[in-house]
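Results of the structural survey
Now for the letters of each chain:
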Amino acid sequence: MPQDTARIEAVMTAAPVIPVLIVEDPAAAVPMAQALVRGGLPAIEITLRTPRALEAIKAVADNVEGAIPGAGTVLDAAQYEAAVKAGAKFIVSPGATPKLLDAAENFDVPLLPGAATSSEVMALIERGYLRLKFFPAEQAGGASYLKSLSSPLAQVKFCPTGGITLEKAPSYLSLPNVLCVGGSWIADAKAIASGDWAGIEARAREAAAIKG
């Protein structure tokens, strides 16, 4: 089954930026997500890089009105299933493997797989994927590299993630093949741990207002 392009595009176009978050304490997830939603960033990617990330996703899914919780750094079928059960509305992976793509066919929650080369993009096109994560964006060539893919692979649209800052985001968002960017600067681990919800909301508003 090919990617549900419309559903994943709805997530990608909800705001110019999808916050990419590392959450250690699920108790912080709800006020953090509320601050992001108030700031205009409803799609929220909580990465599976901490032992209690799935609890954090469930807390957001159950308690934060207007949030679109997603799971990031999903690497295999077991993680995919666990994230869906926790309430994730979209799944993000740094890359793509045949097994992961096969697993995605078993769930009604769409996958945003990662790619960094034209060959990887072409392989995903063959599997019916037209909305991709470009990762690691800055390290893989940045906005100029992504721009070079826009003509030969015009049917594909990206969410570049990795090393992107508030200052760098507009150069990506101005590209014809970019729908949004992923960024960790809005709510980094220090801001979440210290409960800086006002700061997170302020940075979310700033990010939501970015024009390409």
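Residues numbered from 1 in each chain as written. Predicted model: local features only at pLDDT ≥ 70, side-chain atom pairs only at ≥ 80, totals over all residues. Heavy atoms only, no water.

Rules: UniProt positions are given in the numbering used here, feature names are shortened, and annotations may be inferred rather than shown by experiment.
Labelled according to an unreviewed UniProt entry, the chain appears under the name 2-dehydro-3-deoxy-phosphogluconate aldolase, originating from Pannonibacter phragmitetus. Among the UniProt annotations of the chain, the heading Subunit (unreviewed entry) holds the following wording: "Homotrimer." Word for word, the UniProt comment on the chain under Pathway (unreviewed entry) is "Carbohydrate acid metabolism; 2-dehydro-3-deoxy-D-gluconate degradation; D-glyceraldehyde 3-phosphate and pyruvate from 2-dehydro-3-deoxy-D-gluconate: step 2/2."

**Examining the overall build of the chain**
So the rule is basically this: Counting from the N terminus, the helices are the DSSP runs of H or I reaching at least four residues and the strands are the DSSP runs of E reaching at least two. Radius of gyration here uses only the C-alpha atoms, and the compact-globule reference equals 2.2 Å multiplied by the residue count raised to the power 0.38. Type-normalised accessible area, obtained with a 1.4 Å probe on protein chains alone, sets the label of each residue: buried when under 20%, exposed when over 50%, and partly exposed for intermediate values.
Within the chain one finds 10 helices and 9 strands. Computed over the C-alpha atoms, the radius of gyration of the chain is 16 Å, within 12% of the 17 Å expected from 2.2 N^0.38 for a compact globule of 212 residues. Its C-alpha atoms give the chain principal-axis dimensions of roughly 45 × 35 × 25 Å. Buried positions account for 50% of the 212 residues belonging to the chain.

**Describing the sheet that holds strand S8 (residues 157–160)**
Just so we agree on the cut-off: Only when DSSP finds a minimum of two bridges between them are two strands counted as paired.
Spatially, 3 strands are ordered S6-S7-S8 in an open sheet, and the strand pairing comes out parallel. A single partner strand is all that each edge strand has here, and the edge strands are strand S6 (114–115) and S8. One ladder, built from 4 bridges, connects strand S7 (residues 131–134) with S8; its direction is parallel. When the sheet's bridge partners are listed, Lys-133 is paired in S8 with Cys-159.

**Quick look at the packing of helix H2 (residues 26–38) against helix H3 (residues 53–63)**
Defined as follows: An axis is simply a line fitted to the C-alpha atoms; with a helix, the fit covers only the stretch in contact. Between two such axes, the angle follows the N-to-C directions and lies from 0 to 180 degrees. Throughout, the term roughly parallel applies to angles under 35 degrees, roughly antiparallel to angles over 145, roughly perpendicular to angles from 65 to 115, and oblique to all others. When the near helix sits turned anticlockwise from the far one by under a right angle, the crossing is termed left-handed; a clockwise turn instead gives a right-handed crossing. Throughout, a contact is declared for two residues whenever any of their heavy atoms are within 4.5 Å. Ten residues, namely Ala, Val, Leu, Ile, Met, Phe, Trp, Tyr, Cys and Pro, are considered nonpolar, four, namely Asp, Glu, Lys and Arg, are considered charged, and the remaining ones, Gly among them, are considered polar.
The contact between H2 and H3 brings their axes to 8 Å, and the two run at 45°. In terms of orientation, H2 lies oblique with respect to H3. As for the relative orientation of H2 and H3, their crossing is right-handed in sense. Where H2 abuts H3, its residues Pro-26, Ala-29, Val-30, Ala-33 and Gln-34 lie against Glu-55, Ala-56, Ala-59, Val-60 and Asn-63. Here the residues of the contact of H2 with H3 are counted per class, giving 7 nonpolar, 2 polar and 1 charged.

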